[in-house]
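Read off the chains here:
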Amino acid sequence: MDLCEQSPSYVRAIAPYQPGKPISELAREMGLKEKNIIKLASNENPLGVSPKAKAAIKKALAELGRYPDGNAFELKAALARRYGVPQECIVVGSGSNDLLEMAAGVFLGPGRSAVYSQHCFAVYPLATQARGASGIVVPTKNWGHDLNAMLAAIRPDTRVVFIANPNNPTGTFAPGHSIEELLSKAPRDVAVVVDEAYTEYLPPELRYSSVPWLKKYPNLIVTRTFSKVYGLAGLRVGFGLMQPDIADLLNRVRQPFNVNSLALAAATAALDDATFVARSVKLNQAGMAALEGAFKRLGLEYIPSYANFITFRVERAGEVYAKLLRQGVIVRPIAGYDMPEHLRVTIGTPKENARFLKALEAALDE
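Residues numbered from 1 in each chain as written. Predicted model: local features only at pLDDT ≥ 70, side-chain atom pairs only at ≥ 80, totals over all residues. Heavy atoms only, no water.

Undergrad: Any details on the nonpolar core? Residues and values, ideally.
TA: Membership of the largest hydrophobic core comes to 63 residues, with the highest contact counts inside it found for Phe226, Leu232 and Leu241. When near neighbours in sequence (up to four residues on either side) are disregarded, Leu232 contacts Val49, Ala53, Phe226, Ser227, Val237, Ala266, Ala267 and Ala270. (Core = buried A, V, L, I, M, F, W, Y, C linked by side-chain atoms within 4.5 Å. Buried < 20%, exposed > 50% of the residue type's maximum accessible area, 1.4 Å probe, protein only. Contact = heavy atoms within 4.5 Å.)

Set out below in structure tokens:
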């Protein structure tokens, strides 16, 4: 008897997550020099790591022979000061993905369901399927979450609703009041997970605070990451805000020492680097405007984005992606998100954006 056949069928049916192609992999495949490749596929910060985070990492190196603080006291204290919540309301994770997995582990299982949108972040269906739960996929409205339809899709066996705001890979945004309206109507025995990985990129007039909602809606879980605007993607650190009793449950399934020492130190320092965050947001706004203008000039449809990437439609997207690779430019094909005619590109530095646009024009002209 095959041992692998003893794995639950819902595990064997999972299609593994496909990350953006690494620079080193493309260099090996195409015989290119790594220094001549640009990667605009994984929504990373083109400015890299903040100076304060770098200094904290250097200082923390001396303690790598010891396990990290399993309770993440210093990071939680900094987050508590920033968001005005008790440390008991905070759970840290190896990226916000970790928090999403914890929420699924706590509330989902066979005979239960989760609601999420079409074209949503891939981790929602993956985390749901890995627990043997059923996924209820709600069609989008203008590429964004149809929150009314998602609310209506909740069944008696539903235990989690996943909402990304802004959403990846479409970049769409739901106003804060519409999220709160869903919260006010959702059953209290259904966890509503609001994934705010890209919230720092929102323009001031669209920003909202979900933190005060924690007191009003005890079923709310807010997740954030240090992988995007804070530039710590390689260290994998995120956090969740929630009621203490929910945090207690997530901590029961959280892996011991799930955030390493360098990540804890860097995140604590990065949280205090407002100058770096402001530079990152300003660079993103200028790059977004440049790419939008270029897409209009090229006659390419795109989805207006509120994050640090933009998704555009192009005929034979797979072929265009391959042509870009041959020129040393990595973007993200998103056929796996049910968007086979689209590509997603991260906003880079002005030089990277110009290189991408030059390569795109060449690919379209072939």
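Undergrad: Could you give me a rundown of the packing of aromatic side chains, with the residues and numbers involved?
TA: Summed over the entire model, instances satisfying the criterion amount to 14 aromatic pairs. Pairing Phe121 with Tyr124 gives two aromatic rings, centres 5.7 Å apart and planes at 90°, and the pair type is edge-to-face. Of the two residues, Phe121 and Tyr124, neither departs from the other in class, the shared state being buried. (Phe/Tyr/Trp six-rings, centres within 6.5 Å; stacked < 30°, edge-to-face > 60°.)

Undergrad: Explain unusual backbone geometry to me, and be specific about the residues and the numbers.
TA: Backbone torsion omega between Asn165 and Pro166 reads -5°, so that peptide bond is classified as cis. Within the element layout of this structure, Pro166 appears in the loop between strand S5 (158-164) and helix H8 (176-185). A cis amide bond, omega 25°, links Asn168 with the succeeding residue Pro169. If you trace the backbone, Pro169 turns up in the loop between S5 and H8. Even without glycine at this site, Ala72 takes up a positive phi of about 50°. Of the residues examined, Ala72 reaches a relative accessible area of 3% and is grouped as buried. The phi dihedral of His119 is positive, around 60°, even though this residue is not glycine. (Helix = DSSP H or I, 4+ residues; strand = E, 2+ residues; numbered from the N terminus.)

Undergrad: Please provide a residue-by-residue account of the packing of helix H5 (residues 96-107) against helix H6 (residues 123-130), values included.
TA: One can describe the packing of H5 onto H6 by two numbers: an axis separation of 9 Å at closest approach and a directional angle of 35°. In the crossing of H5 with H6, the sense of the turn from one axis to the other is right-handed. Contacts from Asn97, Leu100, Glu101 and Ala104 of H5 reach H6 at Val123, Tyr124 and Ala127. Split into classes, the residues belonging to the contact of H5 with H6 amount to 5 nonpolar, 1 polar and 1 charged. (Axes fitted to C-alpha atoms, helices over the stretch in contact; angles between N-to-C directions. Left-handed = near helix turned anticlockwise from the far one by under 90°. Nonpolar A, V, L, I, M, F, W, Y, C, P; charged D, E, K, R; others polar.)

Undergrad: Hey, could you go over the sheet that holds strand S12 (residues 332-333) for me, with residue numbers and the actual values?
TA: An order of S9-S10-S13-S12 is seen for the 4 strands of this open sheet, with the pairing classed as antiparallel. Where the open sheet ends on each side, the last strands, each with one partner, are strand S9 (302-303) and S12. Bridge count between strand S10 (residues 309-313) and strand S13 (residues 342-346): 5 bridges; the pairing is antiparallel. Bridging from a neighbouring strand, Thr311 pairs with Arg344 of S13. Sheet contacts for helix H12 (residues 274-298): S9, S10 and S13; angle to S10, the most-contacted strand, approximately 10°. Its contacts with the sheet put helix H13 (residues 317-326) on S12 and S13, and the angle it makes with S13 is roughly 35°. (Pairing = 2+ DSSP bridges.)

Undergrad: Before we move on, can you summarise the packing of helix H4 (residues 73-83) against helix H11 (residues 261-270) with the specific residues and values?
TA: Between H4 and H11, whose axes approach to 9 Å, the crossing angle comes to 20°. Classed by the angle they form, the pair H4 and H11 counts as roughly parallel. In terms of crossing hand, the pair formed by H4 and H11 is left-handed. Contact residues: H4 offers Glu74, Leu75 and Ala78, while H11 offers Leu264, Ala267 and Thr268. A class-by-class count of the residues in the contact of H4 with H11 yields 4 nonpolar, 1 polar and 1 charged. (Parallel < 35°, antiparallel > 145°, perpendicular 65-115°, else oblique.)

Undergrad: So, the pairing of strand S4 (residues 134-138): which residues are in play, and what are the values?
TA: Here strand S3 (residues 113-117) runs beside S4; their pairing, made up of 5 bridges, is parallel. Each residue of the ladder has a partner; that of Val115, found in S4, is Ile136. Note on the crossover from S3 through H6 to S4: the handedness is right-handed. (Right-handed = clockwise from strand over helix to strand, strands pointing away.)

Undergrad: Can you lay out the side chain of Asn308 for me, pointing to particular residues and giving the numbers?
TA: Checked against the element boundaries, Asn308 lands in the loop between S9 and S10. Exposure remark for Asn308: the relative accessible area of 1% places this residue in the buried category. Of the polar contacts made by the side chain of Asn308, one reaches the backbone oxygen of Asn43; its length is 3.0 Å. What Asn308 contacts, discounting residues up to four positions off in sequence, is Asn43, Glu44, Tyr198, Tyr201, Asn284, Thr346 and Ile347. (Polar contact = N/O pair within 3.5 Å; in protein donor to acceptor, adjacent residues only side chain to side chain.)

Undergrad: Describe the sheet that holds S4, listing the residues and the values that go with them.
TA: If you trace the 7 strands from one edge of the open sheet to the other, you get S2-S8-S7-S6-S5-S3-S4, paired in mixed fashion. Across the chains shown, the open sheet's two edge strands, defined by having one partner strand only, are strand S2 (90-93) and S4. For this sheet the average axis-to-axis angle between neighbouring strands, irrespective of direction, equals 20°. Note: strand S6 (residues 191-195) against strand S7 (residues 220-225), 4 bridges, orientation parallel. Of the residues in S7, the one forming a bridge with Val193 is Ile221. Of the strands in this sheet, S2, S7 and strand S8 (238-241) are in contact with H4, which crosses S2 at around 130°.

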